[in-house]
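For reference, the chains in residue letters:
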Amino acid sequence: MAEWLLSASRQRRVKAMTAAAGSAGRAAVPFLLCALLAPGGAYVLDDSDGLGREFDGIGAVSGGGPNFGASLHILKVEIGGDGQTTDGTEPSHMHYALDENYFRGYEWWLMKEAKKRNPNITLIGLPWSFPGWLGKGFDWPYVNLQLTAYYVVTWIVGAKRYHDLDIDYIGIWNERSYNANYIKILRKMLNSQGLQRVKIIASDNLWESISAAMLLDAELFKVVDVIGAHYPGTHSVKDARLTGKKLWSSEDFSTLNSDTGAGCWGRILNQNYVNGYMTSTIAWNLVASYYEQLPYGRCGLMTAQEPWSGHYVVESPVWVSAHTTQFTQPGWYYLKTVGHLEKGGSYVALTDGLGNLTIIIETMSHKHSKCIRPFLPYFNVSQQFATFVLKGSFSEIPELQVWYTKLGKTSERFLFKQLDSLWLLDSNGSFTLKLQEDELFTLTTLTTGRKGSYLPPPKSQRFPSTYKDDFNVDYPFFSEAPNFADQTGVFEYFTNMEDPGEHHFTLRQVLNQRPITWAADASNTISIIGDYNWTNLTIKCDVYIETPDTGGVFIAGRVNKGGILIRSARGIFFWIFANGSYRVTGDLAGWIIYALGHVEVTAKTWYTLTLTIKGRFASGMLNDKSLWTDIPVNFPKNGWAAIGTHSFEFAQFDNFHVEATH
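Quick caveat: nothing in here was measured; it's all calculated off a predicted structure.

Cut-off values and rules
- Residues numbered from 1 in each chain as written.
- Predicted model: local features only at pLDDT ≥ 70, side-chain atom pairs only at ≥ 80, totals over all residues.
- Heavy atoms only, no water.
- Helix = DSSP H or I, 4+ residues; strand = E, 2+ residues; numbered from the N terminus.
- Rg over C-alpha atoms; globule rule 2.2 N^0.38 Å.
- Buried < 20%, exposed > 50% of the residue type's maximum accessible area, 1.4 Å probe, protein only.
- Areas by Shrake-Rupley, 256 points an atom, 1.4 Å probe, with all protein chains shown as cover.
- Lys, Arg positive; Asp, Glu negative; His and termini not counted.
- Charge placed at Lys NZ, Arg CZ, Asp CG, Glu CD.
- Domains from an automatic or database assignment.
- Contact = heavy atoms within 4.5 Å.
- Buried area = accessible area lost by both parts, 1.4 Å probe.
- Salt bridge = Lys/Arg side-chain N within 4 Å of Asp/Glu carboxyl O.
- Polar contact = N/O pair within 3.5 Å; in protein donor to acceptor, adjacent residues only side chain to side chain.
- Nonpolar A, V, L, I, M, F, W, Y, C, P; charged D, E, K, R; others polar.
- UniProt positions renumbered as here; feature names shortened; annotations may be inferred.
- Phe/Tyr/Trp six-rings, centres within 6.5 Å; stacked < 30°, edge-to-face > 60°.
- Lys NZ or Arg CZ within 6 Å of the ring centre and 35° of its normal.

Caption draft 1: Representation of the overall build of the chain. On a plain count of helices and strands, the chain comes out with eleven helices and 37 strands. Since a compact globule built from 662 residues should have a radius of gyration of about 26 Å, the 28 Å found for the chain is in line with a globular shape. The principal-axis extents of the C-alpha atoms in the chain amount to approximately 95 × 60 × 45 Å. Residue burial in the chain is summarised as follows: out of 662 residues, 59% are buried. Surface summary for the chain: the accessible area is close to 25900 Å², and the carbon and sulfur share equals 53%. Distance between charge centres in the chain, computed from 57 positive and 63 negative side chains, equals 5 Å.

Caption draft 2: How the structure looks around the domain arrangement of the chain. Segmenting the chain into domains produces domain 1 (51–444) and domain 2 (466–661). Each partner contributes to the interface: domain 1 provides 39 residues, whereas domain 2 provides 33 residues. For the pair domain 1 and domain 2, the two sides together bury roughly 2800 Å², of which 57% comes from carbon and sulfur. In terms of surface lost to domain 2, no three residues of domain 1 exceed Gln84, Tyr96 and Tyr291, which account for 24% of the buried area on that side. Applying the counting rule to domain 1 against domain 2 returns one salt bridge. Remark: the boundary between domain 1 and domain 2 carries 18 residue pairs in polar contact (both at pLDDT 80 or more). Here the residues of the side of domain 1 that touches domain 2 sort into 19 nonpolar, 14 polar and six charged.

Caption draft 3: Expanded view of the UniProt feature "active site" (unreviewed entry) in the chain. Mapped onto this structure's residue numbering, the UniProt feature "active site" (unreviewed entry) falls at Glu175 and Glu251. Despite a sequence span of 77 residues, these residues sit close together in the fold, their greatest C-alpha distance being 9.8 Å. Its place among the elements puts glutamate 175 in the loop between β6 (169–170) and α6 (180–192). When near neighbours in sequence (up to four residues on either side) are disregarded, glutamate 175 contacts Ser203, Asp204, Asn205, His230, Tyr231, Glu251 and Trp518. With respect to the helices and strands, the residue glutamate 251 is situated in strand β9 (residues 246–253). Of the residues examined, glutamate 251 reaches a relative accessible area of 5% and is grouped as buried. Dropping the residues within four chain positions of it, glutamate 251 is found in contact with Trp128, Asn174, Glu175, Ala229, His230, Tyr231, Pro232, Ile282 and Trp284.

Caption draft 4: Quick peek at the UniProt feature "domain: Glycosyl hydrolase family 59 central" (unreviewed entry) in the chain. The UniProt record annotates "domain: Glycosyl hydrolase family 59 central" (unreviewed entry) at residues 334–449. Counted over residues 334–449, helix gives 0% and strand 46%. Its end C-alpha atoms are 19 Å apart.

Caption draft 5: Representation of the environment of threonine 506 within the structure. Residue position: threonine 506 is located in strand β26 (residues 505–509). Separated by 25 residues in sequence, threonine 506 and alanine 481 place their C-alpha atoms 9.9 Å apart. Setting aside residues no more than four positions away along its own chain, threonine 506 makes contact with Phe471, Glu492, Tyr493, Phe494, Trp606, Gln652, Phe653 and Asp654. Among the polar contacts made by the side chain of threonine 506, one reaches the side chain of glutamine 652 at a distance of 2.9 Å.

Caption draft 6: View of the packing of aromatic side chains. For the structure on display, the rule yields 45 aromatic pairs. Centroid distance tryptophan 284 to tyrosine 296: 5.8 Å. Interplanar angle 80°. Geometry classified as edge-to-face. Of this pair, tryptophan 284 sits in strand β10 (residues 280–284) while tyrosine 296 is found in the loop between β11 (287–288) and β12 (302–306), placing the two residues twelve residues apart along the sequence. Here tyrosine 296 falls in the partly exposed class, since its relative accessible area comes to 28%. Note on phenylalanine 463 and tryptophan 534: the rings are 5.6 Å apart at their centroids and 85° apart in plane angle, and the pair reads as edge-to-face. Of this pair, phenylalanine 463 sits in the loop between β22 (439–444) and β23 (466–469) while tryptophan 534 sits in the loop between β27 (525–529) and β28 (536–545), and the two are 71 residues apart along the sequence. Since its relative accessible area comes to 3%, phenylalanine 463 is described here as buried. Feature note: the residues Phe130, Trp133, Trp140, Tyr142, Tyr151, Trp173 and Tyr182 constitute an aromatic cluster, connected by ring pairs. Here the guanidinium or amino end of lysine 245 rests over the ring plane of phenylalanine 221, the centre of that ring lying 4.5 Å away.

What follows is the structure in structure tokens.
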């Protein structure tokens, strides 16, 4: 084994042994010396007997940048359906049957930005919720199969017509029931629009039901191109494998992006194929760009949750992604010779069929690679020597580039470091690695790997303690106002043609019926903003009720919950109603009533509400005149500011202003 080291380039060897001043050099020393030691298990990498399954790419939900960082192959986006889908609502392109707008929300922008960075990125669309009109009074998207298929196809057509985006795959309904007849109708409607190239993935839930149905239904089998399962725990099921269809982990990860989250990601990227023959793994989510105290805070490959400061953090899962994404592409093939390492961990190898080879080895420990779901049975990983033998068309490879990650203790931590090349001259195509816990190695013939560098991001800052927005934007770039996070309902910039004066430009809640829900949307609409740690604050906002008699609006502070938990949000809510009443409640649902009374309020008139919360007391003003004072509020102690409506109803807001202290 020492012979190939002796024949390797002296310059490279000296660099590896002496570069103690550089972190890459320090990491290289034990790696190269290990080749002189006694090997343990031997693993053959061979294409003589053919290849395994075609690789379809690594992606994230809702990713581009080839050979810089994550270099994702797939971007999966939500088809906004106006409903709460974990951390907020995304607007539909069709709030109502005769309403079409392909410029709402941020997904169009995101897909175009991804295409700029990687023109070959695969685009997937999937609905979570649907606008209420599709249900015709029922909380169900399969009441009229043709209508729902039409709605989804219009989104695909609109993506091309207005943004020149080709959607590659379309899903059915995220983690909810599928309807076999709907899938067949969707396929026919796609074909009728010349969209034969758009493939169908189903059912974005579990393996069992859809794969069994496909084996029994020839037409369903024909129209489903990919079976997608969520959080499969690296395993597929027999029926899914029997179909012979592509198997994807079409949503996975959703784990805090710490080093443990990176370990989870590194383990499943390999073992989803080793254990379950999954040829694509898609992370939820792409970037954690939502208030951290919402559900699944920081469960993205990177973090960018301060648009007011521009601060972001490139987290370790990004560099774990790079170990696979920078050295493979969709259309490569896994080798049949992949598997588990003798003392824990796994290895996969892929080839482009043109002589290139990429090997990815992971030794993630149980403790440092738990995903948020499912339960991970215990396993052990320990130090080991692993000898890899290249055979078949790979036996003459002279050199492999080496990239290395070590997760864990700061003193031992490396993220995506390039080590010195591994020279295989006179080695008979074999090499030995010393492997320890929580490591990733990529060994590849490709020389295009690049960690990439970027300027230091702006410093982290808390949300401004004084914040104003008058919504005076004539041609907004996005439909939503910055920093507001809709939790139920959809709040959009609005041009008020009836008022050419002060309230010509406003923010309007635009839903007047409940969407077909995916999560537990509240009965009231609400959009949150600010710093979750705010305690003492004054919120002032002009409000306009559009619905006579039954309409109502509120402003609120110390709102303590959002996302899928929005129904149970507590806080201090100051309501006025078109029937001439006001109310102060301790929760969004309105069960905890602190005060109520009559007030001169009607619909179609602008009013100014002011809510002041200081210590254990709150007070409210209407049109700058005191309406209620010093109501005791012992809980919650802190939370966001918010605006909203009593039900799914039109209402407008203007001149929002908050002054806060922590």
